[in-house]
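If you want the building blocks of each chain, they are given just below.
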Amino acid sequence: MVKVAIFGGSGYTGLELLRICASHPDFDVAAVAGHSSAGRTVTDLHPSLAGSYDGLIVEELRSAAATGCDLVFSALPHGESQRFMPRLLESGARVVDLAADFRLNDAALYPTWYGDEHEVPELLDQSVLGVPELFRADIAASQLVASAGCYVTAAVLALAPFVRAGAVEPNGLIVDAASGVSGAGRNPSGVTHFGSANENFTAYGLLHHRHTPEMEQALGGGAQVLFTPHLAPMTRGILATCYARARADGPRTTAAALELLRETYRDEPFVQVTETSPQTKHTLGSNSVHLTARVDERTGWLIAIAALDNLVKGAAGQAVQCANLALGLPETSGLSTVGLYP
């Protein structure tokens, strides 16, 4: 069995990691560590996990909490895992970080997009962006994986086949994406509490959302992205509607665009290409992403749409998928392709 430690087990992402690990055939969660939750039992924090982690107590958040573990998931807020990463890597454990601390290759981008200098920039060269469908071999060979977040995963899986094939203009890409309120974390804010989010739909992070450079880096090919996120009155889910100018030698019909998606993802267990427009509800609780595409022959624009569960394929499920690869386990272990409906 793989001994697992989870740093930051009190939030929604930590809860989802614990839920998935509970049914993983090769994972044994030996330690959970946190700040304010230290001293409480896992099932006190998350009653939905009753019967799986009875008696397991959350430890103080320190690198020693992972002693003897083969795998560490870090589900801490951005900036936190930088403090622990050198010692975690020195221990020899595989580490999957679910925050943005190690997603960007260029340390100079962190002050611009995150407001602070990176504390351990020398580790950025060691990290691999965790989107298995795009970077599978690199993930399998890496000790440190920076698992991509929900917005980035949805956008790049929708657009990457077209950008990489040279089928669309890489500059002027537009990503409009909507997220459920769970994407903002467990602690409510003035924007995400029920009274604000219910029966409301709003855009935020206009022009300068911090996930923009992650999308551009993952897509490559000189990609330039205008990203506008939206908060939708739902608990879980991401729906990304992406626009690109089709090149003259690119797919000029919807049938051709769908065929390119199908060919790209033909052997991918967690990607379903559909004729119909994807719905977030169809991916609920699964590690799947549903994709489709259309070509507007009148305007020359290509539309690629992705739906996924922001807490699973957009967070904890993708992190487990990356960990499976890094440890040489079957990539699908512990993960479901089946959504919960209705």
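Our subject is the structure listed above.
Residues numbered from 1 in each chain as written. Predicted model: local features only at pLDDT ≥ 70, side-chain atom pairs only at ≥ 80, totals over all residues. Heavy atoms only, no water.

**Student:** Help me get a handle on the sheet that holds strand β13 (residues 289-296), residues and values and all.
**Tutor:** Strand pairing in a sheet takes place through backbone hydrogen bonds and is either antiparallel or parallel in direction. If you walk across this open sheet you meet the seven strands as β9-β10-β8-β11-β14-β13-β12, and the pairing is mixed. Strand pairing shows two members of the sheet lacking a second neighbour, β9 (202-203) and β12 (271-273), which therefore form its edges. Running at roughly 150 degrees to β13, helix α9 (residues 254-264) makes contact with β12, β13 and β14 (301-308) of the sheet. (Pairing = 2+ DSSP bridges. Helix = DSSP H or I, 4+ residues; strand = E, 2+ residues; numbered from the N terminus. Contact = heavy atoms within 4.5 Å. Axes fitted to C-alpha atoms, helices over the stretch in contact; angles between N-to-C directions.)

**Student:** Can you explain the sheet that holds strand β3 (residues 59-60)? Please cite residues and give values.
**Tutor:** Taken together, seven strands build an open sheet; the order of strands is β3-β2-β1-β4-β5-β7-β6 and the sheet is parallel. The two strands at the open ends of the sheet, each matched to only one other strand, are β3 and β6 (127-130). For β6 and strand β7 (residues 144-147), the ladder comprises four bridges, and the chain directions are parallel. Bridged to G130 within β7 is S147. Against the sheet, helix α3 (residues 81-90) engages β1 (2-7), β4 (71-74), β5 (94-97) and β7, with an angle of about 165 degrees to β5.

**Student:** Can you tell me about a nonpolar patch on the surface, naming the residues and giving the values?
**Tutor:** Side chains of L206, L207 and L226 sit close together on the surface and give an oily, nonpolar patch of about 320 Å² of accessible area. Taking relative accessible area as the criterion, L206 reaches 57% and is therefore assigned exposed. (Patch = residues over 30% accessible without salt bridge, like charges linked within 9 Å, V, L, I, M, F, W, Y side chains within 5 Å. Areas by Shrake-Rupley, 256 points an atom, 1.4 Å probe, with all protein chains shown as cover. Salt bridge = Lys/Arg side-chain N within 4 Å of Asp/Glu carboxyl O. Buried < 20%, exposed > 50% of the residue type's maximum accessible area, 1.4 Å probe, protein only.)

**Student:** Tell me about the pattern of salt bridges, and name the residues and values.
**Tutor:** Tallied over the entire structure, the rule returns 13 salt bridges. E16 is the partner of R19 in a salt bridge, and the nearest nitrogen-oxygen pair spans 2.5 Å. Taken as a pair, R19 and E16 lie in helix α1 (residues 12-22) at a separation of three residues, close to a single helical turn. The shortest N-O distance in the salt bridge between R266 and E259 comes to 3.5 Å. The exposure class of E259 is partly exposed, given its relative accessible area of 39%. Through salt bridges with shared partners, a single network forms among E16, R19, R236 and D309.

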